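What follows is each chain in one-letter form.
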Amino acid sequence: MEDTAVHGHITPYRSLVKVWLLLLFLTAVLVFVSTVYHDVLAVPALLTITPLKAGLVFFYFMHLKSEKPFLKGLVFLALAFLVVSIGLTFSDIAYR
Amino acid sequence: MSTVPLHAHPVHKDYEGAKLGTWLFLFTELLLFGGLFLLYSAYRAKYPLEFRTGGEHLNMFIGVANTVILLTSSLTVAISLTAIRKGNRKLTMLCLGSTIALALLFLANKYIEWTGEIRRGIYPNGPALLKLPDGEKIFYGLYYSMTGLHGLHVIAGVIALSFVLDFVRRGKITGADFTKLENVGLYWHLVDVIWIFLLPLLYLAA
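Residues numbered from 1 in each chain as written. Chains lettered and ligands numbered in written order. Predicted model: local features only at pLDDT ≥ 70, side-chain atom pairs only at ≥ 80, totals over all residues.

Student: Lay out the overall build of chain B with the relevant residues and their values.
Tutor: Assigned secondary structure in chain B consists of seven helices and zero strands. Listed N to C, the secondary structure of chain B is α-α-α-α-α-α-α in terms of helices and strands. With respect to the three principal axes, the spread of C-alpha positions in chain B is 80 × 35 × 25 Å. Put simply, of all contacts in chain B between residues at least 6 apart along the chain, 80% involve residues at least 24 apart. (Helix = DSSP H or I, 4+ residues; strand = E, 2+ residues; numbered from the N terminus. Contact = placed C-beta atoms within 7 Å.)

This is the structure:
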């Protein structure tokens, strides 16, 4: 289909609803873990579940999954820059 | 010589360029909020107990409810894009309308939450805030800055989505030309992503 060739893949309704349910489930897990097992698991949960949720939104809702490698690379570069900047500054502050 | 001029097609549309431009704008947004996230992490490392106490006093129920609201609004905007591309104008408008309604609901919750905090005396130079230790003052400062800046983005999103809804109604956004809807959708999803990070940082910090 020409439209698909020019404008990319159309995400089916079913996939969108599945991703939404998964996001709600992950939110429930995050809230549960952070409140019940706060001392041990709150930070690990924050650092794993939260980026996973963001990734789901990026890949499916923002259809990054079906974008060209160029755009994927740009997004990766921007996020990597952010992580490196935060990581380096944070390590400086933490060991002062 | 051909009688048709080279620029016979009067409207130039660059679908890929528009999308790339939107993403570049979103990168600047990531760095804007990224700076605040960095500030948050640095001060949380310095004042772990104060941040914990601060988080305890926030309304976790509203925070979680607003997460569900924004996740759902992301779903409706994503559905509206699929719907317009499948030629279902009615579903597109219904979903965009729902997204705007959910965004307004989010803001109403934010209003209830903020007025609650303000009534407790927690606002810049507020009597209760001034009595708190430095770490908690910083926590609330970051709380107001981050949720406030995010709230401004929600308001901007409501305005942009309202224009998009009107464009769809007037037939200016169609299954063949949906760039505006797609790009406003991308922006809205990013507003959602930022909130995904704010929930554990502020409301689940206790």
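Let's pick the thread back up.
Student: Tell me about the domain arrangement of chain A, residues and numbers included.
Tutor: According to the domain assignment, chain A contains domain 1 (1–62) and domain 2 (67–96). For domain 1 of chain A and domain 2 of chain A, the distance between their C-alpha centroids amounts to 20 Å. (Domains from an automatic or database assignment.)

Student: Describe in detail the packing of helix 3 (residues 38–61) of chain A against helix 7 (residues 179–203) of chain B, supporting the description with residues and values.
Tutor: At a closest axis distance of 10 Å, the pairing of helix 3 of chain A and helix 7 of chain B adopts a crossing angle of 170°. Relative to helix 7 of chain B, the element helix 3 of chain A lies roughly antiparallel. Of the residues in helix 7 of chain B, those touching helix 3 of chain A at A:Leu46, A:Thr50, A:Lys53, A:Ala54, A:Val57 and A:Phe61 are B:His189, B:Asp192, B:Val193, B:Ile196, B:Phe197 and B:Pro200. When its residues are assigned to classes, the contact of helix 3 of chain A with helix 7 of chain B shows eight nonpolar, two polar and two charged. (Axes fitted to C-alpha atoms, helices over the stretch in contact; angles between N-to-C directions. Parallel < 35°, antiparallel > 145°, perpendicular 65-115°, else oblique. Nonpolar A, V, L, I, M, F, W, Y, C, P; charged D, E, K, R; others polar.)

Student: Lay out the environment of B:Leu142 with the relevant residues and their values.
Tutor: Residue and element names in this part refer to chain B. For Leu-142, the location among the structural elements is in helix 6 (residues 134–169). Note on Leu-142: 20 C-beta atoms within 10 Å, which makes it buried. Measuring from C-alpha to C-alpha, the distance between Leu-142 and Leu-202 comes to 9.0 Å, with 60 residues separating the pair along the chain. Apart from the residues lying within four places of it in its own chain, the contact partners of Leu-142 are Leu-36, Leu-39, Tyr-40 and Tyr-43. (Buried ≥ 20, exposed ≤ 12 C-beta atoms within 10 Å, placed from the backbone.)

Student: I'd like a description of unusual backbone geometry, backed by residues and values.
Tutor: Backbone geometry follows two general trends: most residues other than glycine have a negative phi, and most peptide bonds adopt the trans configuration. In this structure, A:His63 takes a positive phi of about 35° despite not being glycine. Tracing the backbone shows A:His63 in the loop between helix 3 and helix 4 (69–94).

Student: Before we move on, can you summarise the nonpolar core with the specific residues and values?
Tutor: Core analysis: the biggest nonpolar cluster contains 67 residues, and B:Val164, B:Leu198 and B:Leu202 have the highest contact counts within it. Where this core is concerned, the elements lending two or more residues are helix 2 (13–36) and helix 3 of chain A together with helix 3 (60–85), helix 4 (89–119), helix 6 and helix 7 of chain B. If one sorts the elements of this core by residue count, helix 7 of chain B sits on top with 17 residues. (Core = buried A, V, L, I, M, F, W, Y, C linked by C-beta atoms within 7 Å.)

Student: Requested: an account of the interface of chain B and chain A, with residues and values cited.
Tutor: In this complex, chain B contributes 32 residues to the contact, which on the side of chain A involves 31 residues. Elements that contribute at least two residues to the side of chain B that touches chain A include exactly helix 1 (15–46), helix 3 and helix 7 of chain B. The element that contributes the greatest number of residues to the side of chain B that touches chain A is helix 1 of chain B, accounting for 12 residues.

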